[in-house]
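Structural characterization, general
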Amino acid sequence: MEQVLSNDIFRATILKIIFFNAINNYELEEAEVDEKTHLYFAAEKLMEMHNSESFILRNIFNGILETSFLDAYKVLNLKNRESTLNFDEAQIYNKVCSIIDFEDLENAVMTIDDFLEVLLNYALEFYRYNILRKIKTVKALSSAQCAWLLYSFKLFDNDYKQYGETINLDILLSYYKKEMKTYEMTPIDNGAISANLSEEIIGFIKSLAGMDFDSFETLMEEIIKTDYKWSKYIVDKKNFNNIVDIGDFEEKIEMYENNSLKSLISEEILVDDYYLNALVDGIILTKCDNLYLDEDIINEEMVDDYYTKNLKPKK
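Bear in mind the structure is a predicted one, so any value in this text is a computation, not a measurement. (Residues numbered from 1 in each chain as written. Predicted model: local features only at pLDDT ≥ 70, side-chain atom pairs only at ≥ 80, totals over all residues. Heavy atoms only, no water.)

Here the focus is the overall build of the protein. Counting secondary structure elements, the protein contains 16 helices and 0 strands. Counting over 315 residues, the protein shows a buried share of 49%. As displayed, the protein offers around 16800 Å² of accessible surface, 50% of which is attributable to carbon and sulfur atoms. (Helix = DSSP H or I, 4+ residues; strand = E, 2+ residues; numbered from the N terminus. Buried < 20%, exposed > 50% of the residue type's maximum accessible area, 1.4 Å probe, protein only. Areas by Shrake-Rupley, 256 points an atom, 1.4 Å probe, with all protein chains shown as cover.)

Here it is, written out as structure tokens:
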């Protein structure tokens, strides 16, 4: 099967099938129309596509089936690593792990009752995950698991490239901004939401250290360097307000200038949560909230220009 830009295309198709089937079956009693019912009708519709004489429809079915299987495998594998699998999920995970290739997968769907509905359910679960959780599902796979999936299921390459290869600071900051915007028009306290998101990002970084240390190390180097650029500019230019404690920035500058990046990561971040928390909070305060200052007073271009002209990159 030819690769597509994202397996989310197939996941979105599942949602469309569920939506249109829900409309077509609106006469059902409200008590009967739960998500399981929608998945049942979606599975029926997909089987019609599988049995169709249309090459296009059969290939759409194949893409949805393969994507759903990959999502089930990723989601259940992560839950297994987190020790949150319940009894039913453990049984499903055993079935999923017994499948070796697409032909075997297709045979399982044709012979095991409700198996397609089960797989579709996990495709929806993965689709609803936020970006950090999606990345974790791929990062939780071992190198052997990734090698097998890449060899046996062509569509895994899409998820691997989208969620498994590059983890950078922009992903974390984009997630923070998107979530904050979601709560913009609600009465929920922004400070509490910001603190919760900060904790979530910190937890993600910690979990990344255990799943993919190289990616963790690269990400932390980017965070440390970026935080230093902003901290140095703020302290040197004395651009701060009463909301900001300048001592926090001075402390991080001293840490950066007196230690190597390797030691900051291995001897500080991995040992003491305080420095990691200070880095993440500082990055959010500067890169997302701009210190609550007008961009005419301080902005990223000013910070980068000052760093380029006055400071040497740390190795």
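Two numbers describe a pair of aromatic rings. These are the distance of the centres and the angle of the planes. The full count for this structure, using the stated rule, is 12 aromatic pairs. Arranged with centres 4.8 Å apart and planes meeting at 35°, the rings of Phe69 and Phe153 form a pair that is tilted. Placement of Phe69 in helix α3 (residues 55-81) and of Phe153 in the loop between α8 (143-152) and α9 (156-164) is noted, with a sequence separation of 84 residues between them. The class of Phe69 is buried, set by a relative accessible area of 0%. Take Phe153: its relative accessible area is 0%, and that puts it in the buried class. Taken together, the ring pairs in this structure connect Phe69, Tyr73, Tyr93, Trp148 and Phe153 into an aromatic cluster. One Lys or Arg, Lys74, reaches over the ring of Phe126 and ends 4.4 Å from the middle of that ring. Its guanidinium or amino end placed over the ring of Tyr129, Arg133 lies 5.3 Å from that ring's centre, counting from NZ or CZ. (Phe/Tyr/Trp six-rings, centres within 6.5 Å; stacked < 30°, edge-to-face > 60°. Lys NZ or Arg CZ within 6 Å of the ring centre and 35° of its normal.)

Right, let's get into the packing of α3 against α8. Packed helices, taken two at a time, are described by the angle between their axes plus the distance between the axes. It is the contact of α3 with α8, at a shortest axis distance of 12 Å, that shows an interaxial angle of 175°. For the element pair α3 / α8, the angle class is roughly antiparallel. Of α8, the residues touching α3 (which contributes Phe69, Leu70, Tyr73 and Asn77) are Gln145, Trp148 and Leu149. Residues of the contact of α3 with α8, tallied by class, amount to 5 nonpolar, 2 polar and no charged. (Axes fitted to C-alpha atoms, helices over the stretch in contact; angles between N-to-C directions. Parallel < 35°, antiparallel > 145°, perpendicular 65-115°, else oblique. Contact = heavy atoms within 4.5 Å. Nonpolar A, V, L, I, M, F, W, Y, C, P; charged D, E, K, R; others polar.)

Here helix α13 (residues 246-258) contains 13 residues, and its C-alpha end-to-end distance of 19 Å stays within 8% of the 18 Å for a straight helix at 1.5 Å per residue. Turning to α13, its buried residues are Ile246, Phe249, Lys252, Ile253, Met255 and Tyr256. Residues of α13 that are buried sit in contact with α12 (213-237), α14 (261-269), α15 (273-288) and α16 (300-310). (Expected span 1.5 Å × (residues − 1).)

Attention now moves to the nonpolar core. By size, the foremost hydrophobic cluster in this structure holds 95 residues, and its most contacted members are Leu105 and Ile205. It is α12 that provides the largest number of residues to this core, a total of 10 residues. Excluding anything up to four places from it in sequence, Ile205 contacts Leu172, Phe216, Leu219, Met220, Ile223, Leu276 and Val280. (Core = buried A, V, L, I, M, F, W, Y, C linked by side-chain atoms within 4.5 Å.)

In this section: a nonpolar patch on the surface. A cluster of nonpolar residues, Phe213, Leu270 and Val271, forms a patch on the protein surface that exposes about 280 Å² of accessible area. Tracing the sequence through the fold places Leu270 in the loop between α14 and α15. (Patch = residues over 30% accessible without salt bridge, like charges linked within 9 Å, V, L, I, M, F, W, Y side chains within 5 Å. Salt bridge = Lys/Arg side-chain N within 4 Å of Asp/Glu carboxyl O.)

Moving on to unusual backbone geometry. Even without being a glycine, Ser83 presents a positive backbone phi close to 60°. Residue placement: Ser83 occurs in the loop between α3 and α4 (87-97). The backbone of Asn290 shows a phi angle near 55°, a positive value even though the residue is not glycine. Summarising the element assignment, Asn290 is placed in the loop between α15 and α16. A relative accessible area of 11% means that Asn290 is categorised as buried.

Bringing helix α10 (residues 169-182) into the picture now. The α-helix winds at 3.6 residues per turn, so residues separated by three or four positions along the chain end up facing the same way. Between its terminal C-alpha atoms α10 stretches 20 Å, which fits the 20 Å expected from 14 residues at 1.5 Å a residue. Where α10 begins, one side-chain oxygen reaches toward the backbone nitrogen of Asp170, 3.2 Å away; that side chain belongs to Asn168. (Polar contact = N/O pair within 3.5 Å; in protein donor to acceptor, adjacent residues only side chain to side chain.)

With that out of the way, let us pick up a negative patch on the surface. Taken together, the side chains of Asp245, Asp248, Glu250, Glu251, Glu254 and Asp281 present a region of like negative charge at the surface. Topologically, Asp248 is positioned in helix α13. (Lys, Arg positive; Asp, Glu negative; His and termini not counted. Charge placed at Lys NZ, Arg CZ, Asp CG, Glu CD.)

As enumerated under the stated definition, the model contains 20 salt bridges in all. The salt bridge involving Arg11 is made with Asp71; its shortest N-O contact spans 2.7 Å. With Arg11 in helix α1 (residues 8-24) and Asp71 in helix α3, this residue pair connects regions lying 60 residues apart in the sequence. Its relative accessible area of 1% is what places Arg11 among the buried residues.

Secondary-structure assignment places Phe126 in helix α6 (residues 115-128). Classification of Phe126 by relative accessible area gives buried; the value is 0%. Considering only alpha carbons, one finds Phe126 and Leu46, 80 residues apart in sequence, at a separation of 19 Å. Contact partners of Phe126, with chain neighbours within four places excluded, come to Arg11, Asp71, Lys74, Val75, Lys134, Thr137 and Tyr163.

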